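Analysis of the macromolecular model
Chain by chain, the residues:
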Amino acid sequence: MKKGRYALYWEYLKRYSLTHKTLFSFMFLSLIFATVLQIPVPLLYKKIIDDILPKKEVMLLFKFGLLVLGIVFLREFFNYLSRIYARKLKNKMYFTLTKELFEGFFHIPYRKIKTSNAGYFDSRIFEEPKNLEQALTESVVFTLKLVLIFIFGLVVCFHLSWRLTLAIFIFVPFYYLMNGLSSPYIRKIAVKREEIKARLREYAIGSLNAYKIVLAIRDGMRIINNSIQRHLNQFLGIRYKYDKASSLYNGLYEILSDGMPIVIFFFGIYEIIHGRLTIGGLVAFTELMQYVNMPLQHFSDIIIEIETTVGIITRIEEFKGMMKKDRGQKSIDNVESIELENIGINFDGKKIIDNLSFTFQKGKGYIIKGDNGAGKSTLLDTILGFYLPDKGKIVINKQVDIKDIDKEHYRRRLSIAFFPPILLPLNKENIELVKDEELLKIAKEIIKGKEDKMFSELSAGEKQKLNILISLSKDADFYLFDEPFSNMDKNAILTFKDLILKRTIKRGKGLVMILHQDYNMADYNFDTLYLEKITQEV
C-alpha cells in the first residue's frame, strides 16, 4: 500500500475508533490476556511428554489436565470480552460516521442530489458506514491479535529452538512479494464493487416504488425484470471478480503456509537426532509454530482487509467531497425584492429556462403559469438558491447577487410549500414545525389519530393542507407555493386560499404561486409570469 492510503486508513482509525479510548483500551487488554493464555498450553504439553509421561505420574497428569482446561476457559472468556468491546466500538463508530454523512448530505449541491434517487444516497449514508465499521474494526482487531500472537509465539519458539525459528523466516520474502503484486488490484476491485452495489440498491428501491405502474402497464414487468437482472449481473460479476482475485491471492499463501510445517517437521526430527531438541520440545514447537506461522499465513488476509477498508474509506471520502457548505460572505436580515436578470438554467444538457428577466416585490402577489416542463418548479428552486443560474444573475434587494449571499440566512426569509408535498418523515415531527396557535389547531385536526404515523400514510389532500400550514407558520418575507390547491375539494380550496391571502399579501408579504387554474385570483391584482417550454439543447 502506498503511503497516502496508509495515511487515510490511519486517519479514519484515529477519528472513529481511537477517540473512544476506554472501549479501545478494554478491547486491547482483553486481546492481550487472550493471546498470552494461548502460550502456556503447548509448554504444558512439553512438560507432560518429557517429564510426566516417562515417570507415569497419573495424578500429576490429572492436575495438569485440569490446569489446561482452566487456561482454555480463561482464554475464551477474554476472547468473549474482546468481541463485546469490539461490538460497542463498532456501534460508536457507526453512529458517529452515519450522523456525519447524514448531516453532510444536506450540504450537497441540489444539482448532484437530482442525479440520483433516495436509494443511492441511502446506501451511501447508511450502508457504507456499516461496511466501514465492520472492515475497520475487524482489520484492527485481526491485526492486533496476529501481532500479539506473533510476538509471544516468536519469543517462546526462539526459546525452544532458535534454529527451527530461523527456518520459519525463509518464507517471509515470498509473502511480501505476493502482497506487493496483488493488493493494489484487489483494492481497485473493492472500490468498484461498492459503487455498483450502491447503484443496484438505488435501482431496486426505485423498482419497488414503481409497484402500481409495473402492474398497470403491459410491458412494465418485462422492462423492470430485464433491468433488475442487468443490475444484478453487474453486481454479481464484480463480486465474483473480487472473490476470484482474493481467493487466488489466499491460495498462493496457502501453498507457502502448507509447505512450512513440512519443512519444520523434518528439520525438527534432524534436531532430535542430534540431541538439540526433545520430542516434547518438537510437539510444543509444532503447536506454537502456528502462532508464528499464522500471522505470516494470514498476512494476506490483513492486507486484503486493509485494502478493502481503504476502498470503503475512499468511497466515503468521495461522498464527503460532494459536500460543500454553500455559505456566501453576505447575510441579509430581510428580502424586499428578488430580481431575475436574463437568467438561464440548464439541466442534463437541456435548457430549462433561458433569458428570463422578472422582478418580485415584497407586498405583491404573483402567479407563475406555463406548460408542463416549462421550468416553473425549477424557477422556485432557483429563487430559493438550490440552483444558481448558468447565466445571468439573481439580485436580492437590488444590490446583492444571490451567489454572494449566505444561503442559510437567506432561506430563513423565504417559505416554500413544494408539490408534491415534501415534509419530514413523521407526522408528529411535522406538527412541531407549526408554531402558530391558529394554524396548529387546524394541523392537529388534519392528522388526528395519525400523530404517530408516517407522513407518507396521509391522503394526498391531507399532505397538501399540512404542507401549506407549515409554510404559513413561518415568519418570512416571501411565501412560495407550488400548486397549493391540488388534491383539494372546493370547500378546502376556498378555506386555504383565504388563509394564504390573509397570511401573506394582506400582511405586506410577497406571494408567489404556481397555478394551472385561475382560482378567481383576478380579483386580487396578481402579476402573471408565463414560462414557455424550451426544447433547445445546450
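Below: a short report on this structure. Note that the structure is predicted; figures quoted are calculated from it, not measured.

With that settled, the discussion passes to the overall build of the chain. Along its length, the chain carries 18 helices and 9 strands. Taken over C-alpha atoms, the radius of gyration comes to 34 Å for the chain, far larger than the 24 Å a tight globule of 538 residues would show. For the C-alpha atoms alone, the extent of the chain along its principal axes is close to 115 × 55 × 50 Å. Here the chain holds 538 residues, and 46% of them are scored as buried.

One open sheet holds the 5 strands; their spatial order is E6-E7-E8-E3-E9, and the pairing between them is parallel. With partners counted over all chains shown, the strands left at the sheet margins are strand E6 (414-417) and strand E9 (527-531), one partner each. Each strand of the sheet is rotated relative to its neighbour by a mean of 15°, with strand direction disregarded. Along the sheet face, helix H17 (residues 460-472) touches E6 and strand E7 (478-482) and points at about 170° away from the line of E7.

Now for the side chain of Asn-397. Mapping Asn-397 onto the fold places it in the loop between strand E4 (391-396) and strand E5 (400-401). There is a polar contact of 2.6 Å between the side chain of Asn-397 and the backbone nitrogen of Glu-336. What Asn-397 contacts, discounting residues up to four positions off in sequence, is Asn-334, Val-335, Glu-336 and Ser-337.

Applying the stated criterion across every chain, the model contains 19 aromatic pairs. Seen from their ring centres, Phe-265 and Phe-266 are 5.5 Å apart, and the 80° between their planes marks the pair as edge-to-face. Classification of Phe-265 as partly exposed rests on a relative accessible area of 42%. Overall, the relative accessible area of 56% leaves Phe-266 in the exposed class. Among the aromatic residues, those joined into a cluster by ring pairs are Phe-102, Phe-105, Phe-106, Tyr-120, Phe-121, Phe-126 and Phe-319. The side chain of Arg-15 reaches across the aromatic face of Tyr-12, ending 5.2 Å from its centre.

Further remarks concern the pairing of strand E2 (residues 350-361). As paired elements, strand E1 (residues 337-347) and E2 share 8 bridges and run antiparallel to each other. Each residue of the ladder has a partner; that of Phe-347, found in E2, is Lys-350. Hairpin geometry of E1 and E2 is characterised by an intervening segment of 2 residues between the two adjacent antiparallel strands and by a positive phi of about 55° at Asp-348.

To continue, consider helix H13 (residues 376-383). In terms of burial, H13 is largely enclosed, as 7 of its 8 residues are buried. Gly-385, located one to two residues past H13, shows a positive phi value of around 90°.

A cluster of nonpolar side chains, namely Phe-73, Leu-74, Phe-77, Tyr-80 and Ile-84, defines an oily patch on the protein surface of about 500 Å² accessible area. Checked against the element boundaries, Tyr-80 lands in helix H4 (residues 58-105). According to the relative accessible area criterion, Tyr-80 is partly exposed, its value standing at 45%.

This part is about the nonpolar core. Within the largest apolar cluster, 49 residues are counted, with the highest numbers of intra-cluster contacts made by Tyr-12, Ile-108, Phe-121, Leu-132 and Phe-319. For this core, the secondary-structure elements that each account for two or more residues are helix H1 (3-18), helix H2 (21-36), helix H3 (40-55), H4, helix H6 (118-160) and helix H12 (299-321). Ranked by residue count, the leading element in this core is H4, at 12 residues. Val-156, Tyr-249, Val-292 and Ile-304 belong to the second largest nonpolar core, which has 35 residues in total.

Inspection of the secondary structure puts Leu-277 in the loop between helix H10 (220-273) and helix H11 (279-297). With relative accessibility at 9%, the residue Leu-277 sits in the buried group. A C-alpha to C-alpha distance of 7.3 Å links Leu-277 and Ser-161, two positions 116 residues apart in sequence. The contact partners of Leu-277, leaving out residues within four places of it in the chain, are Leu-160, Ser-161, Leu-164, Gly-268, Glu-271, Ile-272 and Leu-282.

On to unusual backbone geometry, then. Of note, the amide linkage connecting Phe-419 to Pro-420 takes the cis form, showing an omega dihedral of -5°. Along the chain, Pro-420 falls in the loop between E6 and helix H15 (427-431). Phi at Asn-355 takes a positive value of approximately 50°, unusual for a residue other than glycine. Note that Asn-355 resides in strand E2. A positive phi angle is found at Asn-397, which is not glycine, with a value near 55°.

To continue, consider H2. Along its 16 residues, H2 runs 22 Å from first to last C-alpha, staying within 8% of the 22 Å computed at 1.5 Å per residue. Along H2, the positions that sit buried rather than exposed are Leu-23, Phe-24, Met-27, Ser-30, Leu-31, Ala-34 and Thr-35. One side of H2 holds all its buried residues, which, seen down the axis, span an arc of 130°. In H2, the exposed residues that point more than 90 degrees away from the buried face are Lys-21 and Thr-22.

Procedures and definitions
- Residues numbered from 1 in each chain as written.
- Predicted model: local features only at pLDDT ≥ 70, side-chain atom pairs only at ≥ 80, totals over all residues.
- Heavy atoms only, no water.
- Helix = DSSP H or I, 4+ residues; strand = E, 2+ residues; numbered from the N terminus.
- Rg over C-alpha atoms; globule rule 2.2 N^0.38 Å.
- Buried < 20%, exposed > 50% of the residue type's maximum accessible area, 1.4 Å probe, protein only.
- Pairing = 2+ DSSP bridges.
- Axes fitted to C-alpha atoms, helices over the stretch in contact; angles between N-to-C directions.
- Contact = heavy atoms within 4.5 Å.
- Polar contact = N/O pair within 3.5 Å; in protein donor to acceptor, adjacent residues only side chain to side chain.
- Phe/Tyr/Trp six-rings, centres within 6.5 Å; stacked < 30°, edge-to-face > 60°.
- Lys NZ or Arg CZ within 6 Å of the ring centre and 35° of its normal.
- Patch = residues over 30% accessible without salt bridge, like charges linked within 9 Å, V, L, I, M, F, W, Y side chains within 5 Å.
- Areas by Shrake-Rupley, 256 points an atom, 1.4 Å probe, with all protein chains shown as cover.
- Salt bridge = Lys/Arg side-chain N within 4 Å of Asp/Glu carboxyl O.
- Core = buried A, V, L, I, M, F, W, Y, C linked by side-chain atoms within 4.5 Å.
- Expected span 1.5 Å × (residues − 1).
- Arc of directions from axis to C-beta.

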